[in-house]
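# A look at the structure
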Amino acid sequence: MAAHRLAAIIPKLMADQLQENHAREIREQVCGFFLHALGQIGIDKAFKRNLEYSRGVLRIGQDLLPIASYARVTVVAIGKAAHTMAQALNAEMGPQAGIIATPTQPEAMLPGFSYFIGGHPLPNADSLKGARSILRTLEGRKHDDLVIFLLSGGGSSVVESPLDLEISLDDLVATYRVLVHSAATIAEINAIRKHLSAVKGGRMAQAAYPGQQVSIMISDVPENALDSLASGPTMPDSTTEADCYAIAEKYRITAHFPPTVRELFEKKQLEETPKSGDAAFVRSRWWPILSSAVAEKAAAEAASRAGFAVEIDHSCDDWEYTKAADYLLGRLRELRKGVSRACLISGGEVTVAVPEKPGIGGRNQQFALYCAEKISGENICVLSAGTDGIDGNSPAAGAVVDGTTALRAETDVKNALRRFDAFPLFEKLRDAVVTGATANNVRDLRILVAY
């Protein structure tokens, strides 16, 4: 009798094992799509595509800059990719000089540059020192000077100087924490940052006036909101004081600001940022050379080569993460009806409201874990990860889940979601996507496949 029962059980065990092996292969394949995308967003490649230096003339996009005609050329690099961008510029033009403000210490510093290791996602003392050094360097630029700005994601916290001198570093950190932990979009967060800052929202361009300015940009913001990149230090600001008051009211965050900042909002004393008519922008140009579109296209090409029918969908950019997940899973299921293997690519970011005492995780792992519940038992795999290699306060870039994840977790997924504590679960399952910091950032990438 026991032998008959065993004979009945063995085929099911074998089928379950085959299903798990197939699911693991799909997870590895989807991770491969993400890694391929990372390989295609190299900063050196972007510079080679968009810059050329020949016979003393630098071409950036459609601009031709006769470098020898300028009395001084100064480079100011800000953000997660600052060091790498400066390296790439040196590779095209030869050694340059200026300031690099970045959140991570490079293995070797470039000669001729002063380095400041600013904080991210919250400013630190070097963020203030870097801002002061940049403002001092830009002061006194003349009409025949050229300033080359190299801007990338993370610049908002890496370089900072409050307009109101009563706002201390501790006040800045507290304000940033309130903004980052709210459910506000990056554009909304940066609108407020701009109006509190002496370097954001075009004020760095004012400091460099009347020198000629060109900004080379690696974008981690929506395509239609370039002035949000690093909080738009060199661009006319499209947001207003009134927008800031409305955003604070929308997310009910004024009461959570430190007193020095709260008073500015309660008394409506924010200072307006420079707009497009300001003289500082007459001789300014801006060239985005790398964005999430490049990563999306690369991931789509990899999935297509693997036999998936692929679609790219930007509809949920800056949506709340559960709403975005429900939408994308719905779209994927619709795509799956017409083909045997479907893939949906989504770039950009989702928003999360972080609890006061969060666990270890980030918005990408939160998104993935939420999806794990929704796809349990289905032949669906979802990866969500940041191209900067950093997701929240965790050591991961994101995570990958499928229809087996909720069962394999053997724990309360809802509780991990509530506590914003997804990383320990993914680390245990070996489904955290860990790349290390990439010194680059073109927003997050979500890859969903049905098979």
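Structure: see above.
A brief structural summary. (Residues numbered from 1 in each chain as written. Predicted model: local features only at pLDDT ≥ 70, side-chain atom pairs only at ≥ 80, totals over all residues. Heavy atoms only, no water.)

This part takes up the overall build of the protein. Within the protein one finds 16 helices and 15 strands. Taking 2.2 N^0.38 as the reference for a compact globule, 451 residues should give roughly 22 Å; the C-alpha atoms of the protein span a radius of gyration of 24 Å, in line with that estimate. The principal-axis extents of the C-alpha atoms in the protein amount to approximately 95 × 55 × 40 Å. Out of the 451 residues belonging to the protein, those deemed buried represent 55%. (Helix = DSSP H or I, 4+ residues; strand = E, 2+ residues; numbered from the N terminus. Rg over C-alpha atoms; globule rule 2.2 N^0.38 Å. Buried < 20%, exposed > 50% of the residue type's maximum accessible area, 1.4 Å probe, protein only.)

Now for the sheet that holds strand 9 (residues 284-290). Across the sheet, six strands lie side by side as 6-5-4-7-8-9; this open sheet has parallel pairing. The two strands at the open ends of the sheet, each matched to only one other strand, are strand 6 (113-117) and strand 9. Strand-to-strand twist in this sheet, taken as the mean axis angle between neighbours without regard to direction, amounts to 15°. As paired strands, strand 4 (residues 72-78) and strand 5 (residues 98-102) are joined by four bridges and run parallel to one another. (Pairing = 2+ DSSP bridges. Axes fitted to C-alpha atoms, helices over the stretch in contact; angles between N-to-C directions.)

What follows covers the sheet that holds strand 12 (residues 380-386). With mixed pairing, the six strands of this open sheet are ordered in space as 10-11-15-12-13-14. One side of each edge strand has no neighbouring strand; the edge strands of this open sheet are strand 10 (309-312) and strand 14 (432-433). The pairing of strand 12 with strand 13 (residues 398-402) spans five bridges and is antiparallel. When the bridges of strand 13 are listed, Cys381 appears paired with Asp402. Contacting strand 10, strand 11 (342-348), strand 12 and strand 15 (444-450), helix 12 (residues 321-336) crosses the sheet at an angle of about 150° to strand 11. (Contact = heavy atoms within 4.5 Å.)

Considering the arrangement of structural elements, one finds Ile253 in the loop between helix 9 (241-250) and helix 10 (259-266). Ile253 sits 74 residues away from Leu179 along the chain, and the two C-alpha atoms are 7.9 Å apart.

Now for the side chain of Ser284. Here Ser284 is to be found in strand 9. Of note is the side chain of Ser284, whose polar atom sits 2.9 Å from the backbone oxygen of Ala280. (Polar contact = N/O pair within 3.5 Å; in protein donor to acceptor, adjacent residues only side chain to side chain.)

For the rest of this paragraph, the subject is unusual backbone geometry. For residues other than glycine, phi is negative in most cases, and the peptide bonds are mostly trans. Residue His120 is joined to Pro121 through a cis peptide bond whose omega torsion reads 10°. Topologically, Pro121 is positioned in the loop between strand 6 and helix 4 (125-138). Between Tyr209 and the following residue, Pro210, the backbone shows a cis peptide bond with an omega angle of 10°. Among the secondary structure elements, Pro210 is positioned in the loop between helix 8 (203-208) and strand 8 (212-218). Here Ala230, not a glycine, exhibits a phi torsion of approximately 55°, which is positive. As for its position among the elements, Ala230 is in the loop between strand 8 and helix 9.

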